[in-house]
Amino acid sequence: NNVPFICYSDFSVDQEAQDTLEFVSYYADQSSNSKVHYEKLNTRPYAGQLAHYGHGGYQQLLSTDKNISSFILHDLKFNGWIDRGTRAVFIDFTLYNANINMFCIVKLVAEFLPTGGIATSHEILVQKLLRYVSAKDNILFGFEVALIVFVVYYIVVESVELMVFRMNYFVQYWNVLDNIIIIKILAGAAISLYRSVTINDLVTKSETDQDTFTSFETIAYYESVYNDLAALCLFFSWIKIFKYLKFNKTMRHFSTTLSRCSKDILSFAVMFFIIFFAFAQLGLLLFGTILRDFATFHDSTYTLFRIILGDFDFLALEQASTMLGPVFFITYI
């Protein structure tokens, strides 16, 4: 009757176990004792479905040989690698297709609830990390160098304008847009330089030391940030075309109309979002425990935007609450 019972709560970085584990290996029919230490891993923090996880953890490398990996997994199971206190298991591996010169960085995640359930998720990054390989890539590199030259020229031009107009320089929103584009290009150039320097070292390390795991996750993440910066820079560059359409009478009237009614539009936006977020909070409280689309305030907000666009599931609302579901939907629409 005096059996001790240990409770394990949700994952928390402050309560993360960092003890040294005793590990008994029976690989190759030779019993041996070893210790597994908590260590800081060469990975990025991961936002799972149940918690946010940092860099630390216990690591076990698998072999490229199927039989050896089978023995390792058997030892992990025998030693209780996954127990009641385990809150997440990550499986990381990297694939490379030389035919199309693409890296695929894969992270498979299994999160364990305190009640015993499992929530699975994954993160797959497909990136071209070796950028300058073919003749087409070298041509692209030439265009990138030309872009940097133009950016340096425009930095000088904008600096001269700033010294002439001083704080009045920022009154013109086109000048602000120019600076945003320049900053994004410089940030993208810095990431591109970091990628070019780092990727060769990682590839060489993975080829020379095949018994250890070389993580490409961080550099793949920065490559995705580089792509995002390029996309935003292209978007703002297209917006800048309006600056050179002022000579057109229709566009001049359009911009004048927007500038004169900007205060009214801002006032309407304030009133709209007050009501919108009120409905988002109402949907969360009414249907958050029943419908996945209203499970969090973030999900509830996106669901209301989808309803505006005509993407909604009225039957799910009606089934969640026969009376409040239709009332919520009709009053919101």
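In this text, all values refer to a predicted model and were calculated from it rather than measured experimentally.

Here we come to the pattern of salt bridges. If you walk through the whole model with that rule in mind, you get twelve salt bridges. For D137, the salt bridge goes to K128, with nearest N and O atoms at 2.9 Å. Ionic pairing is found between R131 and E144, a salt bridge with its closest N-O pair at 4.0 Å. Highlighted residues: R131 in the loop between β9 (118-127) and α2 (135-165) and E144 in helix α2, separated in sequence by 13 residues. According to the relative accessible area criterion, E144 is buried, its value standing at 18%.

Remark: helix α7 (residues 297-308) packs on helix α9 (residues 324-332), axes separated minimally by 11 Å, with the N-to-C direction vectors making an angle of 65°. For the pair α7 and α9, the crossing hand works out as right-handed. Contacts between α7 and α9 involve L304, F305, I307 and I308 on the former and, on the latter, F328, F329 and Y332. Split into classes, the residues belonging to the contact of α7 with α9 amount to seven nonpolar, no polar and no charged.

A few words now on the environment of K107. Here K107 shows up in strand β8 (residues 102-112). Considered as a pair, K107 and Y302 are 195 residues apart in the sequence and their alpha carbons are 26 Å apart. In contact with K107, other than residues within four places in its own chain, are Y46, F90, I91, D92, S121, H122, E123 and E217. Side-chain polar atoms of K107 contact the side chain of E217, separated by 3.4 Å.

Where β8 lies against β9, ten bridges are found, and the strand directions are antiparallel. Within β9, the residue paired with K107 across the bridge is E123. Remark: five residues form the turn of the hairpin made by β8 and β9, two consecutive strands paired antiparallel; G116 in that turn has positive phi of roughly 110°.

Now for the pairing of β8. Across the eleven residues that make up β8, a large majority, nine, are buried. Where strand β7 (residues 88-97) folds back onto β8 in an antiparallel hairpin, the turn is made up of four residues, including N101, whose phi is positive at roughly 55°.

Among the secondary structure elements, I72 is positioned in helix α1 (residues 66-78). A C-alpha to C-alpha distance of 8.7 Å links I72 and L61, two positions eleven residues apart in sequence. Setting aside chain neighbours within four positions, we find I72 in contact with Q60, L61, L62 and S63.

A few words on the nonpolar core. Core analysis: the biggest nonpolar cluster contains 14 residues, and F287, L291, F294, L304, L317, F328 and Y332 have the highest contact counts within it. Put simply, the parts of the chain that give this core at least two residues each are α6 (262-287), α7, α8 (314-320) and α9. The element contributing the most residues to this core is α6, with four residues. Leaving out residues up to four positions away in the same chain, F294 has contacts with G283, L284, F287, G288, S300, T303, L304, L317 and F328. One finds L125, I199, V203 and I219 within the second-largest nonpolar core, a separate group that totals ten residues.

Of all residues in the chain, 95% have pLDDT values of 70 or greater, and the mean over the chain is 85. Within the chain, β8 carries the highest mean pLDDT (92), whereas strand β2 (residues 32-36) carries the lowest (63).

Let us now look at the side chain of E223. Locating E223 in the fold gives a position in helix α4 (residues 217-239). Among the polar contacts made by the side chain of E223, one reaches the side chain of R195 at a distance of 2.8 Å. When neighbours within four sequence positions are excluded, E223 is seen to be in contact with Q127, K128, L129, R131 and R195.

Bringing α7 into the picture now. For the α-helix, the turn length of 3.6 residues means that residues three or four positions removed from each other point alike. For α7, with twelve residues, the first-to-last C-alpha span of 17 Å sits near the 16 Å given by 1.5 Å per residue. Listed in full, the buried residues belonging to α7 are D299, S300, T301, T303, L304 and I307. Here the buried face of α7 lies against α6 and α9. One or two steps after α7, the chain reaches G310, where phi turns positive at roughly 90°.

Within a sheet, each strand pairs with its neighbour through backbone hydrogen bonds, oriented either parallel or antiparallel. Spatial ordering of the open sheet is given by β7-β8-β9, a layout of three strands whose pairing is antiparallel. Unpaired on one side and paired on the other, β7 and β9 mark the two borders of the sheet. Shown here is a sheet whose adjacent strand axes are inclined to one another by a mean of 10°, direction ignored. Judged from the ten bridges that link them, β7 and β8 form a sheet pairing that is antiparallel. Paired with F93 across the strands is V106, a residue of β8. Sheet strands touched by α4: β7, β8 and β9. Its angle to β9, the strand with the most contacts, is close to 65°.

In contact at an axis separation of 9 Å, α6 and α7 are set at 120° when each is read in the N-to-C sense. Along this stretch, α6 crosses α7, giving a crossing that reads as right-handed. Of the residues in α7, those touching α6 at F272, F273, F276, F277, F279, A280, Q281, G283 and L284 are F297, S300, T301, L304, F305 and I308. For the contact of α6 with α7, a count of residues per class yields eleven nonpolar, four polar and no charged.

Thresholds applied
- For every chain, the first residue of the written sequence is number 1, and numbering continues from 1 onward in sequence order.
- Totals for whole chains, interfaces and linings use every residue, but because this is a predicted model, local features are given only for residues with pLDDT of at least 70 and side-chain atom pairs only at 80 or more, for both listing and counting.
- Only hydrogens and water are removed before side-chain values are computed, so all heavy atoms of the structure are retained for them.
- Counted as salt bridges are all cases of a side-chain nitrogen of Lys or Arg within 4 Å of a carboxyl oxygen of Asp or Glu.
- For helices the rule is a DSSP run of H or I covering at least 4 residues; for strands it is a run of E covering at least 2, with both sets numbered from the N terminus onward.
- Each residue's exposure class comes from its accessible area (1.4 Å probe, protein chains only) as a fraction of the maximum for that residue type: buried when under 20%, exposed when over 50%, partly exposed otherwise.
- The axes are straight lines fitted to the C-alpha atoms, using for helices just the contacting stretch, and the angles between their N-to-C directions are given from 0 to 180°.
- Crossings are classed by handedness, with left-handed meaning an anticlockwise turn of the near helix from the far one by less than a right angle and right-handed meaning a clockwise turn.
- In what follows, residue pairs with any heavy atoms lying within 4.5 Å of each other are defined as contacts.
- Note on residue categories: nonpolar means Ala, Val, Leu, Ile, Met, Phe, Trp, Tyr, Cys or Pro, charged means Asp, Glu, Lys or Arg, and polar means any other residue, Gly included.
- Here a polar contact is recorded for every N or O atom pair within 3.5 Å, except that within protein the pair must consist of a potential hydrogen donor and a potential acceptor, and residues adjacent in sequence are included only if both atoms are side-chain atoms.
- Should DSSP find at least two bridges between two strands, the strands are regarded as paired.
- We call a set of buried Ala, Val, Leu, Ile, Met, Phe, Trp, Tyr and Cys residues a nonpolar core when their side-chain atoms join them within 4.5 Å.
- One confidence number per residue, pLDDT, is output by the predictor and ranges from 0 to 100.
- Expected span of a helix, by definition, is 1.5 Å for each gap between consecutive residues, and there is one gap fewer than residues.

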